[in-house]
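Architecture at a glance
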Amino acid sequence: MNRPRSGGAGRFVNRKGLTHVAADQKVLVIGGGIAGLSAATKLATLDIHSVIVEKAPILGGHAVQYACKATEKCVACAACIVEEKWRQALGDPRIEVSTRTRVVDVSGRNANGYRVIIENSHDSDSPAQTSIAADAIIVATGFTPFDPAGKPYGYQQFANVITNLELERILREKGLPYCPSDNRLPDQIAFVQCVGSRDAGLGHLWCSKVCCASALRITGLIKARRPETKITIFYIDIQTFGKDFNTQFGQLKNKVKMVRAIPADIFGSDKDRLRVVYFTPGEAQRCEESFDMVVLSVGITPGQDNRTLKELFQLLPTDTGFLEDSARKGVFIAGAAGGPMTIADSVASAGRAALRAANHLRGVT
Ligand SMILES: Cc1cc2nc3c(=O)[nH]c(=O)nc-3n(C[C@H](O)[C@H](O)[C@H](O)COP(=O)(O)OP(=O)(O)OC[C@H]3O[C@@H](n4cnc5c(N)ncnc54)[C@H](O)[C@@H]3O)c2cc1C
Ligand code: SF4
Ligand code: SF4
């Protein structure tokens, strides 16, 4: 028969000396994007209960807004995994979900875990605070897309300068890249890569890892649905993550114009067109081309609540602003909260975080 291990309330040791997680032990998962959902479902397979607190009204995080990019076959963008995990989480009795909820404070911490104050704002006039006991924490609060308003690209000035995330939403809703200004279909589209990433001026030296593949998959989708659309991609270099990437890129290369330069400026012109100014490598020559739509491939930057979370759970600061695990404190990071990554990598990272949290509950670190 199991008996409590001395000094370790909530943990049990069986005759073989293996530790189990007690039925009343619980993991708090902060963030209900693909990483948070994956962490909770992984914990459920280990029979560990969790509570997901998600500050947005719905689960799924950024990736729930992405369009399926399949043309004649699936291009492995992984967007559909999110809905699958969402259903899995909502159907599992071991997972509690609280949306419109955030962590506001930590009222206590001891060897067995945390007492965390959460605030639910379903009723925005009187948000309700409650406290929950958590034996381990998984922080899966994701990323903040770079805000390109400070760049000289006319974002928020010209309606048809949009971000890649905005284009994802248009494609998901309407199937084709209709211009926000007047709902026409653009004949010429430019993608500007590395907006907010690999930018020494901003101190963002990292590659966001996902935006080259995203731009190429979207390009493939638009070309398949409306082949007459002319597409130009302005880039520094194309990052080839993923096993099918080279094949997909090879098939697309001849259908799009690749320009190895990052635009210096974007101006409006008559007839609702956008003039893109760029310099050829070595700044040898000033060039200008006109487009109907410009898509800014904004990158992944640290989550906006990272500073607060670091303070609440006393995590170590990092150079980049992304978060790092603290096994000693029972706090584990999952998904893009820890740095740029794809959906598949977020699922894998969440699986690792869940296993580490399970080991922490068992007293194994
Ligand atoms: C333009 C673009 C296109 C992309 N396209 C692809 C693609 O095609 N394929 C691919 O594999 N990857 C793609 N990615 C990457 C993908 O978006 C990420 O891998 C994925 O979203 C990471 O999931 P996450 O759960 O870690 O973070 P997120 O998706 O950011 O989810 C985090 C969740 O936590 C919540 N949250 C944040 N702070 C708190 C808090 N304090 N309390 C409670 N909840 C909180 C947020 O509301 C959100 O729901 C793309 C990224 C970008 C920027
Ligand atoms: S992985 Fe992407 S392209 Fe393939 S079916 Fe799912 S959403 Fe569509
Ligand atoms: S993935 Fe491509 S667009 Fe995104 S930061 Fe890296 S190189 Fe730039």
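Here is a short report on the structure shown in this document. (Residues numbered from 1 in each chain as written. Chains lettered and ligands numbered in written order. Predicted model: local features only at pLDDT ≥ 70, side-chain atom pairs only at ≥ 80, totals over all residues. Heavy atoms only, no water.)

Things to note about helix 7 (residues 343–361)
Between its terminal C-alpha atoms helix 7 stretches 27 Å, which fits the 27 Å expected from 19 residues at 1.5 Å a residue. Buried within helix 7 we find Ile 343, Ser 346, Ser 349, Ala 350, Gly 351, Ala 353, Ala 354, Ala 357, Ala 358, His 360 and Leu 361. The positive-phi residue at the C-terminal boundary of helix 7 is Gly 363, with phi of around 80°. (Helix = DSSP H or I, 4+ residues; strand = E, 2+ residues; numbered from the N terminus. Expected span 1.5 Å × (residues − 1). Buried < 20%, exposed > 50% of the residue type's maximum accessible area, 1.4 Å probe, protein only.)

Some words on the side chain of Thr 318
The topology assignment puts Thr 318 in the loop between helix 6 (306–312) and strand 21 (331–333). When neighbours within four sequence positions are excluded, Thr 318 is seen to be in contact with Lys 310 and Glu 324. (Contact = heavy atoms within 4.5 Å.)

Focus on the site of ligand 2
The full set of residues close to ligand 2 is Cys 68, Lys 69, Ala 70, Cys 74, Val 75, Ala 76, Cys 77, Ala 78, Ala 79 and Cys 80. Tallied by class, the residues present in the shell around ligand 2 amount to 9 nonpolar, no polar and 1 charged. (Near = heavy atom within 4 Å. Nonpolar A, V, L, I, M, F, W, Y, C, P; charged D, E, K, R; others polar.)

Section: the packing of helix 3 (residues 164–174) against helix 4 (residues 211–225)
Following both chains from N to C, one finds helix 3 and helix 4 inclined at 35°, their axes separated by 11 Å at the closest point. The chirality of how helix 3 crosses helix 4 is left-handed. Residues Asn 164, Leu 167, Glu 168 and Leu 171 of helix 3 lie in contact with helix 4, whose contacting residues are Cys 211, Ser 214, Ile 218 and Leu 221. Of the residues belonging to the contact of helix 3 with helix 4, the class tally is 5 nonpolar, 2 polar and 1 charged. (Axes fitted to C-alpha atoms, helices over the stretch in contact; angles between N-to-C directions. Left-handed = near helix turned anticlockwise from the far one by under 90°.)

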